[in-house]
Amino acid sequence: MKRTEATAKPFIKWAGGKGQLLSQLDEHLPQQLDGRPFTYVEPFVGGGAMLFHMLKKHPEIRRAVINDINEYLVTAYRVIKEQPQELIERLSALERQYYASDSEEAKKAFYLGAREIFNEEKLDDIDRAKYLIFLNRTCFNGLYRENAKGKFNVPFGRYLHPTICNAETILADSEALNRANVTILNGDFSETLNYLDENGMNFVYFDPPYRPLNTTSSFNSYVKEEFNDKEQIRLRNFSQELNGRLGVYWMLSNSDCSAKNPEDTFFETIYNDFYIHRVFASRAINANPTKRGKLTELLICNYMPEGYGLYAAEDRTPLNKIKK
Ligand SMILES: C[S@@+](CC[C@H](N)C(=O)[O-])C[C@H]1O[C@@H](n2cnc3c(N)ncnc32)[C@H](O)[C@@H]1O
C-alpha cells in the first residue's frame, strides 16, 4: 500500500470525541508501560481519537484490539483497514454527485435520499461505510444518532462546503490499522476480555457513553440501547475484574456528576477503590454554543499516575494544573 504523509486521525466526527483531551489522557498513562511492548484495548472506540493517537505516539504497542456496539461504525473501520481505495473511489463519486446539486434544497433532497438508502437498503460493506461517512459530513452537527427503531435520524446540516471524501485521512488510518494489525470487534464491551494478552502487559482505555449530568443536556444515544446506571455499574464490575488480572492497567473517562451536583457522588462511590482525577474538557457537541464552555471530566485509573500525591480527593483543581 502507498505510504502517506498525512496523520492518522478520526475519519468520522463522533459525539464524545477525545481530540481535545489527548495530551491530558497521555499524561495519565501508566509509567509501568514506558518503553515496554503492550497490547492496547479500546472497548468503546467511537471516532477513535485516542486509538489513532496511541498508534502514532506509542510504537511499542504490539497489538491493538478495538470494539464498538455500533455495527455500521465497526463496518467502516473494517473497510478502511482492508479496502481503503475502493471506499475512496465510491465516496468521491458520491461527493461529486452531491456537489452537482446547485441549490440548498437540491442538496437537502440528496441528503434525505442518502439517509433513506442508508436506513432502508441492504448495502455491501463499502457502500455502508460510504453512506455513513457521507451522512456524518452533511448532517446537522456531524453526529450519529439513532431513534427507537434503530434508524439514523439526524436532519440535514447546511454546512457551506464540507469535504466529504478525505482520501489522505482514509489512507493514513488504513496504514495505522494495518501496521498494528488492529483486531476490530463489534459487540458488547465485555467481549474484549478474551483478547487480553495473558502473558504480557495490557492497557485498556474505556470511554463509555457518559452518564448524563442532567436529564436534558447530555447526549448518549449512539445506539438505540440506553447506557443507564445499571450499565455503568456493569462496566465498573468489568473494570474490577480486569483489575484482578496481572498486567492489566486501565483508564476510564466519564462525566463529572458531582461537579454539577455535589450530592451526586455516583462515580466517587462506585469507583471508591480506584484513583479519580479531574481534567478539563471542552465539549463541542452541544448545539447551543453558549453551553459549550469548559467542563471537568473524570479520569479514573487502576494505577497511580505520576503526581497523584498532589491531588486531594475533595479538591476540584485538575491534577495537571497543580502538578507543575
Ligand atoms: C463516548 S463514545 C466513545 C467516544 C470515542 N472514544 C471517541 O473518541 O470518539 C461511546 C461509544 O460506546 C459505544 N457503546 C455504547 N454501548 C456500548 C456497549 N455496551 N459496548 C460497547 N460499545 C458501546 C457507542 O456506540 C459509542 O461509540
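Note that the structure is a prediction, hence the values are computed from the model and not measured. (Residues numbered from 1 in each chain as written. Predicted model: local features only at pLDDT ≥ 70, side-chain atom pairs only at ≥ 80, totals over all residues.)

**Re the overall build of the chain**
Phase 1 of the analysis: Within the chain, the secondary structure is distributed over eleven helices and seven strands.
Phase 2 of the analysis: Here the chain holds 324 residues, and the buried ones make up 34% of them. (Helix = DSSP H or I, 4+ residues; strand = E, 2+ residues; numbered from the N terminus. Buried ≥ 20, exposed ≤ 12 C-beta atoms within 10 Å, placed from the backbone.)

**Quick look at the environment of Glu104**
Phase 1 of the analysis: Looking at the secondary structure, you find Glu104 in helix α5 (residues 104-120).
Phase 2 of the analysis: Residue classification places Glu104 among the exposed positions, given that 10 C-beta atoms sit within 10 Å.
Phase 3 of the analysis: Spatially, the C-alpha atom of Glu104 lies 9.7 Å from that of Leu160, the residues being 56 residues apart in sequence.

**Observations concerning the pairing of strand β4 (residues 201-206)**
Residues in a regular strand project their side chains so that they alternate between the two faces of the sheet.
Phase 1 of the analysis: The buried fraction of β4 is high, at five of six residues.
Phase 2 of the analysis: Looking at chain direction, strand β1 (residues 38-42) and β4 are connected through four bridges and run parallel. Looking across to β4, one finds that Val41 is bridged to Val204.
Phase 3 of the analysis: As paired elements, β4 and strand β5 (residues 248-255) share five bridges and run parallel to each other. Note on β5: the bridge partner recorded for Tyr205 is Met251. (Pairing = 2+ DSSP bridges.)

**Concerning the confidence of the model for the chain**
Phase 1 of the analysis: Here the chain shows a mean pLDDT of 88. Residues at 70 or above account for 85%.
Phase 2 of the analysis: Across residues 309-324 the pLDDT falls below 50, and counting only partners more than four positions away or on other chains, this stretch makes 20 contacts in the model. (pLDDT = per-residue confidence, 0-100. Contact = placed C-beta atoms within 7 Å.)

**Considering helix α2 (residues 49-57)**
Phase 1 of the analysis: Among the nine residues of α2, seven are classified as buried, and the element is accordingly described as predominantly covered.
Phase 2 of the analysis: Residues Ala49, Met50, Leu51, Phe52, His53, Met54 and Leu55 constitute the buried set of α2.

**Examining the nonpolar core**
Phase 1 of the analysis: Counting residues in hydrophobic clusters, the biggest one holds 64 residues, and the most contacted among them are Ile66, Ala76, Ile80 and Ile133.
Phase 2 of the analysis: Taken domain by domain, this core gets at least three of its residues from each of domain 1 (19-77 + 169-322) and domain 2 (84-167).
Phase 3 of the analysis: Discounting residues that sit within four places of it in the chain, Ile80 has contacts with Phe11, Leu87, Ile170, Asp173, Ser174 and Leu177. (Core = buried A, V, L, I, M, F, W, Y, C linked by C-beta atoms within 7 Å. Domains from an automatic or database assignment.)

**Thoughts on the packing of helix α3 (residues 71-82) against helix α6 (residues 125-138)**
Phase 1 of the analysis: Following both chains from N to C, one finds α3 and α6 inclined at 110 degrees, their axes separated by 9 Å at the closest point. Relative to α6, α3 is oriented roughly perpendicular. Crossing of α3 over α6 shows left-handed handedness. Across from Tyr72, Thr75, Ala76, Arg78 and Val79 in α3, the residues of α6 making contact are Asp125, Ile126, Arg128, Ala129, Leu132 and Ile133.
Phase 2 of the analysis: Among the residues forming the contact of α3 with α6, the class breakdown is seven nonpolar, one polar and three charged. (Axes fitted to C-alpha atoms, helices over the stretch in contact; angles between N-to-C directions. Parallel < 35°, antiparallel > 145°, perpendicular 65-115°, else oblique. Left-handed = near helix turned anticlockwise from the far one by under 90°. Nonpolar A, V, L, I, M, F, W, Y, C, P; charged D, E, K, R; others polar.)

**Here we look at the environment of Asn70**
Phase 1 of the analysis: Of note, Asn70 is situated in the loop between β2 (61-68) and α3.
Phase 2 of the analysis: For the pair formed by Asn70 and Val45, sequence separation is 25 residues and the distance between their alpha carbons is 9.8 Å.

**Concerning the pairing of β2**
Phase 1 of the analysis: With five bridges connecting them, β1 and β2 associate as parallel partners. Directly across from Tyr40, in β2, lies its bridge partner Ala64.
Phase 2 of the analysis: Since β1 and β2 lie parallel, the crossover through α2 that links them has a hand, and here it is right-handed.
Phase 3 of the analysis: Pairing of β2 with strand β3 (residues 183-186), which is carried by four bridges, proceeds in the parallel orientation. Across the sheet, Asp68 pairs through a bridge with Asn186, a residue of β3. (Right-handed = clockwise from strand over helix to strand, strands pointing away.)

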